[in-house]
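Reading the structure
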Amino acid sequence: ILILSTNLFVAAQAQKADSASYYQQKGLEEKQARRYREAENNFAKAFQLAPSNSDLLIEWGIALVEQRRYREGREKFAQAEKAGNKNPVVIDNLATLSFNLRMWQDAINYAQKKQQAKIGTGSYFIIAKSYYELENYGEALKNCELAFKEEPGRAEVPYIAGRCFIEMSNYKRAAGCYEQAIERDSSNATWMYEAGLTFFAIPDNKKAIHWMERAGAKGYKRSNDYIENLGNAYINTGNYGKGIDLLKEVLERKPADQELLYGIGDAHYRAAK
């Protein structure tokens, strides 16, 4: 009886292993064909039959990420890491997914693990942006410097540095970072407008006008704030006519706005009218 029971157990385990391999292979084929939902289902069945196979969790996680189910995908990679899987794909995905899901401290931790294991690039940027979001601007700037050396063409790096300097009211340093960012991404109208506001705060009104006008030319929305800030910059350079016209344009949308009325009156006064 004991021998028979043992044989039955071994046979059952072998059958389970065969079934797990079948579903795993089927899942890989579906994944290759970009049928990620079917791949996910097959990986789930395979893992149910072979729960000690953490490689299945990786494939399952990839299938979920391809379906933009990032939080679920991250859970699978976290399970694989907990199971001791050393595949670089695990740490790489955990760093990226934690970052994309705004889990800033986890993103920092996994990006540092990426660095320790020498997996790919981009870790310094993840750490810099995460520290910025956590309002630790000193650490963010430190990692921006390292990220800039690692990826000098990445526009977001000087942009994040610029945002850090703004938070610390260092507008001159921030303005330089913005210009570096725009040099690398000359299509970003929002960054141009922010650069204009930064130069306005220095104050350097000529540069402020340059970047605000470029933002408008690139399609930045002519909101009330945009027009008013541009108008004030023109007034500060002595171009009162242009500035007053812009403030009056906003006044049409915000009639009887006291600050606008005062600003227009003050501009006329400064123009000796």
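Throughout this description, residue numbers start from 1 for each chain and increase along the sequence as written. Totals for whole chains, interfaces and linings use all residues, but because this is a predicted model, local features are given only for residues with pLDDT of at least 70 and pairs of side-chain atoms are given and counted only at 80 or more. Only heavy atoms go into the side-chain values, all of them from the structure, while hydrogens and water stay out.

The secondary structure content of the protein chain amounts to 15 helices and 0 strands. For the radius of gyration, the atoms used are the C-alpha atoms, and the globule rule reads 2.2 Å times the number of residues raised to 0.38. A compact globule built from 273 residues would reach a C-alpha radius of gyration of about 19 Å, whereas the protein chain, at 28 Å, exceeds it by more than 25%. On the principal axes, the C-alpha backbone points of the protein chain span a range of 110 × 35 × 30 Å. When the 273 residues of the protein chain are sorted by exposure, 40% land in the buried category. Only the protein chains shown count as cover for residues, with accessible areas throughout obtained via the Shrake-Rupley method and a probe of 1.4 Å. In the structure as shown, the protein chain presents an accessible area of about 15300 Å², 48% of it carried by carbon and sulfur atoms. Under the convention used here, Asp and Glu are negative, Lys and Arg are positive, and both His and the chain ends fall outside the count. Charged groups are reduced to one reference atom each: NZ for lysine, CZ for arginine, CG for aspartic acid, CD for glutamic acid. Within the protein chain, one finds 38 positive and 35 negative side-chain charges whose respective centroids are separated by 1 Å. A run of H or I in DSSP counts as a helix once it spans at least four residues, and a run of E counts as a strand once it spans at least two, with each numbered from the N terminus. Between buried and exposed lies partly exposed: a residue is buried under 20% and exposed over 50% of the maximum accessible area for its type, with that area taken using a 1.4 Å probe on protein chains only.

This paragraph deals with the packing of helix α8 (residues 137-150) against helix α9 (residues 156-167). Contact geometry of α8 with α9 gives a least axis separation of 9 Å together with a crossing angle of 155°. The angle between α8 and α9 places the two elements in the roughly antiparallel class. In the crossing of α8 with α9, the sense of the turn from one axis to the other is left-handed. Contact with α8, carried on its side by Tyr 137, Ala 140, Leu 141, Cys 144, Ala 147 and Phe 148, involves Val 157, Pro 158, Ile 160, Ala 161, Cys 164, Phe 165 and Glu 167 of α9 and no other residues of that element. Considered class by class, the residues forming the contact of α8 with α9 number 12 nonpolar, no polar and 1 charged. Between the N-to-C directions of two axes lies an angle of 0 to 180 degrees, each axis being a line fitted to C-alpha atoms and, for a helix, fitted only over the stretch in contact. Here the word oblique covers every angle except those under 35 degrees (roughly parallel), over 145 (roughly antiparallel) and from 65 to 115 (roughly perpendicular). Less than a right angle of anticlockwise turn of the near helix away from the far helix marks a crossing as left-handed, whereas a clockwise turn marks it as right-handed. Contact between two residues is taken to exist if any of their heavy atoms lie within 4.5 Å; hydrogens are not considered. Three classes are used, and their members are as follows: Ala, Val, Leu, Ile, Met, Phe, Trp, Tyr, Cys and Pro are nonpolar, Asp, Glu, Lys and Arg are charged, and the others, Gly among them, are polar.

Mapped onto the fold, Ser 98 is located in helix α5 (residues 88-100). There is a polar contact of 3.0 Å between the side chain of Ser 98 and the side chain of Arg 74. Those residues in contact with Ser 98, other than ones at most four positions away along the chain, are Arg 74, Asn 93, Met 103, Asp 106, Ala 107 and Tyr 110. Identification of polar contacts relies on pairs of N or O atoms within 3.5 Å, with a donor-acceptor requirement for protein atoms, meaning one able to donate a hydrogen and the other able to accept it, and with residues adjacent in sequence counted only if both atoms are side-chain atoms.

Each aromatic pair joins two rings of Phe, Tyr and Trp (for Trp, the six-membered one) with centres within 6.5 Å, and gets the label stacked for planes under 30 degrees apart, edge-to-face for over 60, and tilted for any other angle. Summed over all chains, the structure comprises 10 aromatic pairs. Connected via pairs of aromatic rings, a cluster forms that spans Phe 99, Trp 104 and Phe 125. Two thresholds decide whether a charge sits over a ring: the Lys NZ or Arg CZ must be within 6 Å of the ring centre and within 35 degrees of the ring normal. A cation over an aromatic ring shows up here: Lys 76 above the ring of Trp 60, its NZ or CZ 3.9 Å from the ring centre. Over the ring of Phe 125 we find Arg 154; its NZ or CZ atom is 4.0 Å from the centre of that ring.

Per-residue confidence for the protein chain gives a mean pLDDT of 94, with 93% of residues at or over 70. Confidence scores here are pLDDT values: one per residue, from the predictor, ranging 0 to 100. Counting interchain partners and residues more than four positions distant, the pLDDT-below-50 stretch residues 7-14 has 0 contacts.

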